[in-house]
Amino acid sequence: MGKTLLGITASPRKLGNCELFIKDIFKRLGDGWELRMARLPELDIKPCKACYQCLFDQMKCPQADDFLPVLGALADADAYVVAAPVYLLSANSSLKMFMDRGLQFYAFVDRLWGKPGVAVAVAGIDGMEGSGKRDVESFVKLTLGDLRGAAVVYGALPGESLLPAANAEIAQKLAHALLDPEMRLKAEGPVCPICGGDTFRFLPDGRVRCMLCSGSGAWQVENQALAFHIEPGEHPFFLSKAEVNRHAEWLRGMKERFLERRQELKAVVKPYLGMGTFIETQKEKP
Ligand SMILES: Cc1cc2nc3c(=O)[nH]c(=O)nc-3n(C[C@H](O)[C@H](O)[C@H](O)COP(=O)(O)O)c2cc1C
């Protein structure tokens, strides 16, 4: 039976760089693969209401929209590619809209964990990718996939990202990484020794935190290069299936912790009740 690659594009542009790059990777997988696509900006993905219903009982989100069909397609797929255009220094917001519904991923751990995934951020201007690469990497990590590789590619006009030979090489490497875990694409330069991420926050105490797995530790210059000595944090995203389930349990425990501290929190909140006026745009419209 054939295998399915799910391509998730966070670009509103039809046949734009994200869609084309996904298709270019698909083309390189060889026979026996079919391509399913999801274009996030054109889907009805509502915001998370922070009701936490997805973590309890039926583990069902009350929002009725296109989120579950996409998550179902992801759970069914054999592998996936996510590609997002960089808008104002981060991935297009449709990616985050999807991610914000992600407490539902915990209901799908067995079907999502370890699925091969690769991630692409497309930026129009060389060097202006902002957090785009980390954003798409997070998508694969938080959808519980095996992040086999990630890249930033540059191209502003639709199709431009396919022109440089270097980008064709990236597409080829990402396709190979999907097919073979031994071929995973490693970031060039210093990386987090735990998760391979290359986006860091330097902390005031001389430590450093990986923005992909949340591990933190010391940094040093070794042989004229930066080296990181990072330990997993209390909630590392996500190093094992057991860790995923442990985090889900910790989240479920929030309900109990909230009930225990409800009176204390109520007292803290009270003075702020009714402060300020919220903009209600619908009512203001003539
Ligand atoms: C609203 C908007 C904001 C953008 N912001 C950035 C940016 O911050 N950095 C950058 O390099 N490119 C930026 N771009 C360019 C896109 O990332 C680029 O055109 C990319 O190829 C779009 O991918 P697509 O063809 O798949 O839509 C922006 C484009 C738009 C429409």
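Now for a quick tour of the structure. Remember, predicted model here, so these are calculated numbers, not experimental data.

Reading the values: rules and limits
- Within every chain, residues take consecutive numbers counted from 1 along the sequence as written.
- A pLDDT threshold of at least 70 governs which residues receive local features in this predicted model, and a stricter bar of 80 or more applies before side-chain atom pairs are shown or counted, although totals over entire chains, interfaces and linings include all residues.
- With hydrogens and water set aside, each side-chain value is computed from the structure's full complement of heavy atoms.
- Nearness here has a simple test: a residue counts as near a molecule or strand if at least one of its heavy atoms is within 4 Å of that partner.
- Here a polar contact is taken to be a pair of N or O atoms separated by no more than 3.5 Å, where protein atoms must pair a possible hydrogen donor with a possible acceptor and residues adjacent in sequence count only if both atoms sit in side chains.
- Note that accessible areas follow from Shrake-Rupley with a 1.4 Å probe, and for residues the cover is restricted to the protein chains shown.
- Elements are defined by DSSP. Helices are runs of H or I of four residues or more, strands are runs of E of two residues or more, and each kind is numbered from the N terminus.
- Polar here means any residue other than Ala, Val, Leu, Ile, Met, Phe, Trp, Tyr, Cys and Pro, which are nonpolar, and Asp, Glu, Lys and Arg, which are charged; Gly is therefore polar.
- Buried means the residue's accessible area, taken with a 1.4 Å probe over protein chains only, is under 20% of the maximum for its type, while exposed means over 50%, and partly exposed covers the values in between.
- When DSSP finds at least two bridges between two strands, those strands are taken to pair.

### Things to note about the site of the ligand
Next, step 1: Around the ligand lies a shell of 17 residues, among which S11, N17, C18, V86 and G155 are the nearest.
Next, step 2: Contact between the ligand and C18: an oxygen atom at 2.8 Å from a main-chain N or O atom of the residue.
Next, step 3: A156 is positioned with one of its backbone polar atoms (N or O) 3.0 Å from an oxygen atom of the ligand.
Next, step 4: For the ligand, whose unbound accessible area comes to 640 Å², protein coverage reaches 77%.
Next, step 5: Of all elements in the fold, only helix 1 (17–27), strand 3 (79–87) and strand 5 (116–123) reach the threshold of two or more residues within the shell around the ligand.
Next, step 6: Looking at the shell around the ligand element by element, the count peaks at 3 residues for strand 3.
Next, step 7: Grouping the constituent residues of the shell around the ligand by class yields 11 nonpolar, 5 polar and 1 charged.

### Description of the pairing of strand 8 (residues 207–210)
Next, step 1: Side chains of strand 8 alternate between two faces, with V208 and C210 buried and R207 and R209 left unburied.
Next, step 2: As paired strands, strand 7 (residues 200–202) and strand 8 are joined by 3 bridges and run antiparallel to one another. In the strand pairing of strand 8, F202 is matched with V208.
Next, step 3: Counting the residues between successive antiparallel strands, the hairpin from strand 7 to strand 8 contains 4 residues, one of them, G206, with a positive phi of roughly 80°.
Next, step 4: Bridge count for strand 8 against strand 9 (residues 216–222) is 3 bridges, and the pairing is antiparallel. Pairing of R209 across the sheet is with S216, part of strand 9.
Next, step 5: Once strand 8 ends, the chain turns through 5 residues before running back antiparallel as strand 9, passing S214 with a positive phi of about 75°.

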